[in-house]
Amino acid sequence: MHPADLRDDMPVLDRTIYLNTGASGPSPRRVTDAVESWYEFHEFEAPAGEGMYMPAFDLFDDVRETVAGHVGARSQEIALTGSTTDGISRLPLAMDWDSDDVIVRTDAEHAAGILPWRRLRDEYGVEVRVVETDDGRIPRDAWKEAVEGATLATFSSICWTSGALAPVSDLVDVAHDAGARVLVDAVQSTGQHAFDVHEWGADAVAGSAHKWLLGPWGAGYLFVEQDFAETLEPAQLGYRNLEDPYADPYEYAPGAKRFEFGTVAPAPYAGLQEAIEMMEDIGMATIEDHIADLTDYFKGELGEDRLVSPREYHSGLVSFSDPDPEAVVEQAAEQGIKIRSIPTANVVRASLHVFNTRDDVDALLDAL
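Residues numbered from 1 in each chain as written. Predicted model: local features only at pLDDT ≥ 70, side-chain atom pairs only at ≥ 80, totals over all residues. Heavy atoms only, no water.

Visitor: Where do I start with the packing of aromatic side chains in this structure?
Guide: By convention here, two paired aromatic rings are described through the distance between centres and the angle between planes. Enumeration over the complete set of coordinates arrives at nine aromatic pairs. Ring centres of F195 and W200 lie 4.4 Å apart, and the angle between their planes is 5 degrees; this geometry places the pair in the stacked category. Each member of the pair, F195 as well as W200, carries the same accessibility label: buried. (Phe/Tyr/Trp six-rings, centres within 6.5 Å; stacked < 30°, edge-to-face > 60°. Buried < 20%, exposed > 50% of the residue type's maximum accessible area, 1.4 Å probe, protein only.)

Visitor: Can you walk me through the pairing of strand β9 (residues 317-321) in this structure?
Guide: Across a regular strand the side chains alternate sides, sitting on one face of the sheet and then on the other. Within β9, four of the five residues are buried, leaving the element largely enclosed by the surrounding structure. Relative to strand β12 (residues 347-351), β9 runs antiparallel, the two being bridged by five bridges. Bridge pairing in β12 places S319 opposite R349. (Helix = DSSP H or I, 4+ residues; strand = E, 2+ residues; numbered from the N terminus. Pairing = 2+ DSSP bridges.)

Visitor: I would appreciate a short explanation of helix α11 (residues 284-302) in the present structure.
Guide: Helical geometry note: an α-helix holds 3.6 residues per turn, so side chains three or four residues apart project in the same direction. Spanning 19 residues, α11 covers 26 Å between terminal C-alpha atoms, matching the ideal 27 Å at 1.5 Å per step. When we look at burial in α11, the residues that qualify are M284, I287, I291, A292, L294, T295, Y297, F298, K299 and L302. Directly after α11, the chain includes G303, whose backbone phi takes a positive value near 100 degrees. (Expected span 1.5 Å × (residues − 1).)

Visitor: Please clarify how the pairing of strand β7 (residues 204-208) should be interpreted in this entry.
Guide: Burial of β7 is extensive: five of the five residues sit out of reach of the surface. Direction of pairing for strand β6 (residues 181-185) relative to β7: parallel, over a ladder of three bridges. Across the sheet, D185 pairs through a bridge with A206, a residue of β7.

Visitor: Got a minute to help me understand the sheet that holds β7 in this structure?
Guide: Sheet strands pair by backbone hydrogen bonding; their relative direction is either parallel or antiparallel. Read from one edge to the other, the open sheet built from seven strands follows the order β2-β8-β7-β6-β5-β3-β4, with strand pairing classed as mixed. Every interior strand has two partners, whereas the edge strands, β2 (78-81) and β4 (127-131), have only one. For this sheet the average axis-to-axis angle between neighbouring strands, irrespective of direction, equals 20 degrees. Bridge count between β7 and strand β8 (residues 220-224): five bridges; the pairing is antiparallel. (Axes fitted to C-alpha atoms, helices over the stretch in contact; angles between N-to-C directions.)

Visitor: What is the right way to read the sheet that holds strand β11 (residues 340-342) from this model?
Guide: Spatial ordering of the open sheet is given by β9-β12-β11, a layout of three strands whose pairing is antiparallel. Lying at the two open borders of the sheet, with one neighbouring strand each, are β9 and β11. Across the sheet, the mean angle from the axis of one strand to that of its neighbour is 35 degrees, orientation sign disregarded.

Visitor: In this structure, what is going on with the environment of A164? I would like to understand it.
Guide: Its place among the elements puts A164 in the loop between β5 (152-156) and α7 (168-177). Its relative accessible area of 2% is what places A164 among the buried residues. A164 sits 148 residues away from E312 along the chain, and the two C-alpha atoms are 9.7 Å apart. Contacts of A164, omitting those with residues within four sequence positions, involve D135, G136, R137, S157, I158, C159, P310 and H314. (Contact = heavy atoms within 4.5 Å.)

Visitor: Got a minute to help me understand the nonpolar core in this structure?
Guide: Soluble globular proteins tend to bury their nonpolar side chains together. Core analysis: the largest hydrophobic core is formed by 64 residues, its most contacted members being I78, V104, W143, F155, V205 and L272. The greatest single-element share of this core, amounting to eight residues, is contributed by helix α10 (residues 267-282). Once you skip the residues sitting within four places of it in the chain, V104 turns out to touch R129, V131, W143, A146, V147, A150, L152, A153 and T154. The next biggest cluster of nonpolar side chains, apart from the first, holds 22 residues, and it includes A94, W117, V126 and L232. (Core = buried A, V, L, I, M, F, W, Y, C linked by side-chain atoms within 4.5 Å.)

Visitor: How should unusual backbone geometry be read in this particular structure?
Guide: What you tend to see is this: most non-glycine residues have negative phi, and most peptide bonds are trans. The omega angle of the peptide bond from D248 to P249 is 10 degrees, so this bond is cis rather than trans. For P249, the position within the fold is in the loop between α9 (226-229) and α10. The phi angle at D135 is positive, at roughly 50 degrees, despite the residue not being glycine. Following the sequence through the fold, D135 ends up in the loop between β4 and α6 (140-147). According to the relative accessible area criterion, D135 is partly exposed, its value standing at 39%. The backbone of N346 shows a phi angle near 55 degrees, a positive value even though the residue is not glycine. Its relative accessible area of 47% is what places N346 among the partly exposed residues.

Visitor: I keep staring at the pattern of salt bridges and nothing clicks. Help me out?
Guide: Pairing between side chains becomes possible if they bear opposite charge and their charged atoms approach one another. By the definition in use, this model includes 18 salt bridges. Residues R181 and D203 are paired through a salt bridge, measuring 3.0 Å at the closest nitrogen-oxygen approach. Pair noted here: R181 is in strand β6 and D203 is in the loop between α8 (197-200) and β7, with a separation of 22 residues, a long-range link. Judged by its relative accessible area of 29%, R181 is partly exposed. A salt bridge links R306 to D322, with the shortest nitrogen-to-oxygen separation between them at 3.0 Å. Taken together, the residues R306 in the loop between α11 and β9 and D322 in the loop between β9 and α12 (325-334) connect sequence positions 16 residues apart. Beyond isolated ion pairs, a larger network of salt bridges with shared partners links D61, R64, R240 and E260. (Salt bridge = Lys/Arg side-chain N within 4 Å of Asp/Glu carboxyl O.)

Below is the structure:
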């Protein structure tokens, strides 16, 4: 599949120049067709055949395999979730906490990477250490100091405010050397560049379909390393995450599947699977090369005096400063261009993906 074919398959681009994939990526027809056709099958055909449960369970098995292949995991290490936030939030609920525990995060995390730890602080007295970043770049020495004696360390593979790409494997190694488990928020990586969770070495990784994969809302994943998963006891119990839901005492299902506990809508996962297959049809190297070319061009034309993101290629997120970010977003919207401001960082952010073109970038530069 060529990037131009993807662009032609995205109806929203007939109405706007879309440069906000870092918030949510609009789906092409290929993905929405997969969601709709599976939903129609599930509601119109399955009830008259083998029923509605087995096709859904078969789909879940297939999607876990697809996600696992895309991120370098084993299928038993993948749980299907509703979103990145959902996946991140399920992990701490499966661990034991007390006032002797320590969590480390950065000051550049999304709310999904902040709120669960505040709750543990407030309810269990857990210490939360916050590492100060330099426009999303994580200083190694500060990270090393912070993770000493920590129970869990967490950070984003790509900073959502600046687009800075973290040295994931190195940060994981530093945290592991200090005895901490590591959770990585990979929502800005998934669908934007290739990565391997086992090469990263993280204990858990969360992502979702609705950003760079251009998939539907309501479908995410949580990778949990096999040995780590066996130590966890998720808070929710249901017929899907137990070996036998009627056994007393009960026993959790092996691996990450213990995090899937009840009935969910299957169709979004058909969209997740189609989105991954679509991106792999284009080729992750092609996607990354295209994004790198666009971001390099945009940064060069924008000028380094305004640039907040790294000048060199890190990701498709390009943030820049302005005295009135909201006004810039409104000004671009008047020209039919969708970007966003990030109030917590006081920046304007444009997202450049494989379906975007230099003409899109030129239109944004003109609007600025």
